[in-house]
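# Observations on the model geometry
Spelled out from the first residue to the last, the chains are:
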Amino acid sequence: MQIEPATVPPAQRLDFTLDVNGRPQRVTVDVRTTLLDTLREHIGLTGTKKGCDQGQCGACTVHLDGRRVLSCLTLAAQVGARKVTTIEGLAGTGGGLHPMQQAFIDHDAFQCGYCTPGQIMSAVACVAEGHADDAAEIREYMSGNLCRCAAYPNIVAAIEQARGSIRRA
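Throughout what follows, the structure given in this document is the object of discussion. All of these numbers come straight from a predicted model, not from anything done at the bench.

## Observations concerning the overall build of the protein
The helix and strand tally for the protein stands at six helices and five strands. The secondary structure elements of the protein, listed N-terminal to C-terminal, are β-β-α-β-β-α-β-α-α-α-α. The C-alpha radius of gyration of the protein comes to 16 Å, within 12% of the 15 Å expected for a compact globule of 169 residues. If one aligns the C-alpha atoms of the protein with their principal axes, the spans along those axes are about 50 × 30 × 25 Å. Counting all 169 residues of the protein, 40% fall into the buried class. Considering only residue pairs separated by 6 or more positions, the protein has 53% of its internal contacts joining residues 24 or more positions apart. Accessible area for the protein stands at about 8,700 Å²; split by element, carbon and sulfur atoms hold 51% of it. Treating the 16 positive side-chain charges of the protein as one cloud and the 17 negative ones as another, the clouds have centres 3 Å apart.

## Concerning the environment of H131
Along the polypeptide, H131 turns up in the loop between helix 4 (116-128) and helix 5 (135-141). Through-space distance from the C-alpha of H131 to that of Y141 is 6.6 Å; in sequence the pair is ten residues apart. What H131 contacts, discounting residues up to four positions off in sequence, is C126, E137, I138 and Y141.

## Looking at the pairing of strand 4 (residues 67-70)
As a general feature of sheets, a regular strand has side chains that alternate between the two faces. The sheet contact formed by strand 3 (residues 61-64) and strand 4 spans four bridges and is antiparallel. Looking at the pairing, T61 lines up with L70 of strand 4. The hairpin turn running from strand 3 into strand 4, its antiparallel successor, is two residues long, and D65 in that turn takes a positive phi close to 50 degrees.

## Observations concerning helix 3 (residues 99-106)
Those residues of helix 3 that fall on the buried side of the exposure criterion are M100, Q101, A103 and F104. Take helix 3 and look down its axis: the buried residues cluster within an arc of 160 degrees, on one side only.

## Notes on the pattern of salt bridges
Between side chains of opposite charge, a pair can form when the charged atoms approach closely. Under the criterion given, the structure shown has six salt bridges. Put simply, R26 and D15 hold a salt bridge, and the shortest N to O gap is 3.2 Å. Taken together, the residues span a long stretch of sequence, with R26 in strand 2 (residues 23-30) and D15 in strand 1 (residues 13-20) at a distance of eleven residues. The exposure class assigned to R26 is exposed, which follows from its relative accessible area of 54%. Taking relative accessible area as the criterion, D15 reaches 46% and is therefore assigned partly exposed.

## Looking at the sheet that holds strand 4
If you walk across this open sheet you meet the five strands as 2-1-5-3-4, and the pairing is mixed. With one partner strand each, in any of the chains shown, strand 2 and strand 4 form the two edges of the open sheet. The average undirected angle you get between the axes of adjacent strands in this sheet is 45 degrees. One ladder, built from two bridges, connects strand 3 with strand 5 (residues 83-85); its direction is antiparallel. In the strand pairing of strand 5, H63 is matched with T85. Relative to strand 2, helix 1 (residues 35-43) is tilted by about 105 degrees, and along the sheet it contacts strand 1, strand 2, strand 3 and strand 5. Strand contacts of helix 4: strand 3, strand 4 and strand 5, with the helix running at about 40 degrees to strand 3, the strand carrying the most contacts.

## A word on helix 1
Burial in helix 1 covers these residues: L35, L36, D37, T38, L39 and I43. A positive phi of about 90 degrees marks G44, the residue just after helix 1.

About the criteria used
Residues numbered from 1 in each chain as written. Predicted model: local features only at pLDDT ≥ 70, side-chain atom pairs only at ≥ 80, totals over all residues. Heavy atoms only, no water. Helix = DSSP H or I, 4+ residues; strand = E, 2+ residues; numbered from the N terminus. Rg over C-alpha atoms; globule rule 2.2 N^0.38 Å. Buried < 20%, exposed > 50% of the residue type's maximum accessible area, 1.4 Å probe, protein only. Contact = heavy atoms within 4.5 Å. Areas by Shrake-Rupley, 256 points an atom, 1.4 Å probe, with all protein chains shown as cover. Lys, Arg positive; Asp, Glu negative; His and termini not counted. Charge placed at Lys NZ, Arg CZ, Asp CG, Glu CD. Pairing = 2+ DSSP bridges. Arc of directions from axis to C-beta. Salt bridge = Lys/Arg side-chain N within 4 Å of Asp/Glu carboxyl O. Axes fitted to C-alpha atoms, helices over the stretch in contact; angles between N-to-C directions.

Laid out in structure tokens, this is it:
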């Protein structure tokens, strides 16, 4: 249930600007509002998925200053001036797909697609963090992202394909 800012006592409301996908987003939220709920319900970016809402599935993964975080466990008020990147902000400026997005398509690294945005965001971070040297390392550093459809071999193959393009970027 979404709490409208007008019904929240002023002492529990925050009015601030988030940098989301390179654009300022002015929001007014309850101080207890997660980054996930802020993105989905207040800004309208629904690509980031709400899976378990307990930090166990990885469906809500976004980047804060290039580092992956679980947005369901991050309060919007904690973000401050850091840059938030969601799956919607991953594509190139001309609308072209990010190499990881293309690799997921090339390798059929999704089935139902629900976990895919979080998987892709984690995969990009996995490569950027230097944890994609081999399949075993990829599996280890992607283990926080669950896929109920079990597309794991295809996800690993996609990361292996994209890692060269991302490292060169």
